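Chain by chain, the residues run as shown.
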Amino acid sequence: MSTRDLEESAGFDRHTIDYIQRAAASGLYEIRGLGAKRRVPNFDDLLFLAASLSRYPLEGYRERCSTKTLLGTRFASKPIELAIPITVAGMSFGALSARVKEALGRAATEVGTSTTTGDGGMTAEERAASKTLVYQCLPSRYGFNPDDVRRADAIEIVIGQGAKPGGGGMLLGQKVNPRVARMRTLPEGVDQRSASRHPDWTGPDDLVIKIKELREITDWEKPIYVKVGATRTFNDVKLAVHAGADVVVVDGMQGGTAATQTVFIEHVGIPTLAALRQAVDALDDLNMRGTVQLVISGGIRSGADVAKALAMGADAVAIGQGVLVALGCNSDSYIVNGQHLSAREDYAALGTAPGFCHHCHTGKCPVGVTTQDPTLELRLEPEVGAKRLKNYLKTVNMELTTVARACGKQDVHHLEKEDLVALTVEAAAMAGVPLAGTTWIPGRSSGGPSGADASGREHS
Amino acid sequence: MANLNQVAERASPARGGAHVREFDLSRDSLRQLNLYLHKQAVADGVGQIRVHNPDGAHSIACGLNAELDVQIHGHAGYYVAGMNQHAAVTVHGNAGPGAAENMMSGRVHVKGFASTAAGASAHGGLLIIDGDASLRCGISLKGADIVVGGSVGSFSAFMAQAGRIVICGDAEDALGDSLYEAVIYVRGKVRSLGADARFEPMADSDRAAVKGLLAAAGRGEDPADFKRVASAKSLYHWHADADQEY
């Protein structure tokens, strides 16, 4: 009988049945990598209005459009100056190999942006390759030490991560090789747990004091970022600003992870789109726009995404998963000595295929990106990875400036909310921009279609 | 920027010829003090730095990276001697939360009581607390040694990874919860052990370790009176991929 003639339950569809039966067989929740797979309102649901009669565009290729970005101007005596507003998000050595961390640093340096350490500390390769390196201070404090604090260009205190706010972290034993174990002061091969809260402070009032300690240790030179997973973003951003952050990083639920329970990835946190608007509202409420910089992350993929994020009020974005895809994540092949070699059999051995893989947690990455396996990691050559990532970041930046010019901006930071409309009611409500063809922002205005509000009065 | 020269003028010769630098935090700023300790103390060849009227100021003598002798006369606030390397810091009073947090080396001695999270995530060196330590003493410890003359609060040594903690008094609830490789020696009563922590027999090497740590802390308890608490290691592996069905 063809399944076409059978009726599938909406509540207990094949996916749900598989989940329940897997749980019944194993007694364990699923842990996986990547990020949320469900569709949530995102930047694709926004469109730019661009210039026409009422706005004057710039020539798309030649006219100057600045992408220079300053982060950490509030208190730090040495703020971060970047050539582009697109940064590499924090990802750990442990989740990624040292070769990958080196590739990230090299590419970031070549395009004039920053990269970020992750849980597990700073590797020498990463520091040497990165002109501008942000050093994360995480709850686990794995590998965290004052020498690297002094070597860093900025410190990022991580409160949470978009893929798993409130959930801490984990690195399964197959990725805890001798070097990772040594850097984290853990037994080799242990299924490692990263704490969900910091060991030496509790709550926003303590964070004020913790930030001042880091400022004292670094003689007030280095910018202090505070990163939050997107949940109660409006309040969290205000508290981070109150605590003295120079930069607030907000990571939405589409953010990636190397290993997290699926229940977290898909069911905890709010979409990046909604989080960004709340974060901007919080800065506006405190009159701190331009004083405290805002970095948004969580599912940023393209120049369009970056442009929309900047238009909504972000000062910069951070990209993690997109960066790994640029290196070859989910590609059907890897490049060694200039040769493209198929990885399909290795995907199949994991029970997956290129384009669908989320098996970062296994340490058996078929393209050598999320692995500590000494053989597999050779599948990512730092030079090749750096070149691919450089190309990707350049492309994203070109797309960004192209859109900005079309909107008549000589500086990408001049993009503004007024340049945006939403395709869906949900996105309009979350982003706080009008539904396309109307002046209606759900929850904020009562405008009607075609620029007329409920009274029928026309709007410009 | 603090005026270091102005502060450095307040120097007095100490016994033996080494100079003592005096800071009075009722007049001098914390920034002046820490900047001096970071940038100038070594060049000055100063024998001892004395800090008066700390009045619970936070982050006193944090981020030191030299063999300095810092004496704090009074109570310190949060993060005294935080991230210490090489220096010997003595608090002639009580210390607030996070004393010697993330210490890498050196010696921090709190003559009074210590608040929460003393020695949190410390990688090396010796932290001595003559009095009691509050909640989460030695949380996330990564290799340092801690000797507590009094008792410790709940969740002490939580997720402690490496290092040793000697507790001469009692321990409150959940001692050693989720321990990795750190070892706890406790002399008094333990209200309860945390997840995966267990009592283990004291070997000769344990008694020798306790003896050495007590001696380093200037204490006279009998190592034979201590019990050993370590990880049962049942939480080391979750078998999350045990059946490989997905």
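Residues numbered from 1 in each chain as written. Chains lettered and ligands numbered in written order. Predicted model: local features only at pLDDT ≥ 70, side-chain atom pairs only at ≥ 80, totals over all residues.

Participant: Describe in detail the sheet that holds strand β12 (residues 247-251) of chain A, supporting the description with residues and values.
Facilitator: Residue and element names in this part refer to chain A. Read from one edge of the open sheet, eight strands run β5-β15-β14-β12-β11-β8-β7-β6, paired in parallel fashion. A single partner strand is all that each edge strand has here, and the edge strands are β5 (86-88) and β6 (115-116). Relative to strand β14 (residues 293-297), β12 runs parallel, the two sharing five bridges. From the neighbouring strand, Val249 faces β14, where its bridge partner is Val295. Along the sheet face, helix α9 (residues 272-285) touches β12 and β14 and points at about 170° away from the line of β14. (Pairing = 2+ DSSP bridges. Helix = DSSP H or I, 4+ residues; strand = E, 2+ residues; numbered from the N terminus. Contact = placed C-beta atoms within 7 Å. Axes fitted to C-alpha atoms, helices over the stretch in contact; angles between N-to-C directions.)

Participant: Provide a residue-level description of the domain arrangement of chain A, including the pertinent values.
Facilitator: How large an interface is tends to be reported as the accessible area lost when its parts come together. Residues and elements named next belong to chain A. Domain boundaries in chain A define domain 1 (3-33), domain 2 (43-414) and domain 3 (430-460). Taking the mean C-alpha position of each, domain 2 and domain 3 sit 35 Å from one another. Counting residues at the interface gives seven residues for domain 2 and five residues for domain 3. Counting residues per element, the ones that place at least two in the side of domain 2 that touches domain 3 are β2 (46-48) and α9. In terms of residues, the side of domain 2 that touches domain 3 owes the most to one element, α9, which gives three residues. Within the side of domain 2 that touches domain 3, the residues separate by chemical class into six nonpolar, no polar and one charged. (Domains from an automatic or database assignment. Nonpolar A, V, L, I, M, F, W, Y, C, P; charged D, E, K, R; others polar.)

Participant: Describe the packing of helix α6 (residues 203-217) of chain A against helix α7 (residues 233-243) of chain A, and please don't skip the residues or the numbers.
Facilitator: All names here are of chain A. Two elements in contact, α6 and α7, have axes separated by 8 Å at closest approach and are oriented at 40°. In terms of orientation, α6 and α7 fall into the oblique class. Taken as a pair, α6 and α7 cross one another with a handedness that is right-handed. Note on element contacts: α7 touches α6 through Leu239, His242 and Ala243, opposite Pro204, Leu207, Val208 and Ile211. Grouping the amino acids of the contact of α6 with α7 by side-chain chemistry returns six nonpolar, one polar and no charged. (Parallel < 35°, antiparallel > 145°, perpendicular 65-115°, else oblique. Left-handed = near helix turned anticlockwise from the far one by under 90°.)

Participant: Explain the pairing of strand β8 (residues 142-148) of chain B to me, and be specific about the residues and the numbers.
Facilitator: Residues and elements named next belong to chain B. The buried fraction of β8 is high, at seven of seven residues. The sheet contact formed by β8 and strand β9 (residues 162-167) spans five bridges and is parallel. Considered in β9, the bridge of Ile146 is made with Ile165. (Buried ≥ 20, exposed ≤ 12 C-beta atoms within 10 Å, placed from the backbone.)

Participant: A description of the interface of chain B and chain A should follow, citing residues and the corresponding values.
Facilitator: Chain B puts 42 residues into the contact, and the matching count from chain A is 27 residues. Listing elements by their share of the side of chain B that touches chain A, those giving two or more residues are α2 (30-39) and β8 of chain B. It is α2 of chain B that contributes the most residues to the side of chain B that touches chain A, four residues altogether. Counted by class, the side of chain B that touches chain A contains 19 nonpolar, 16 polar and seven charged residues.

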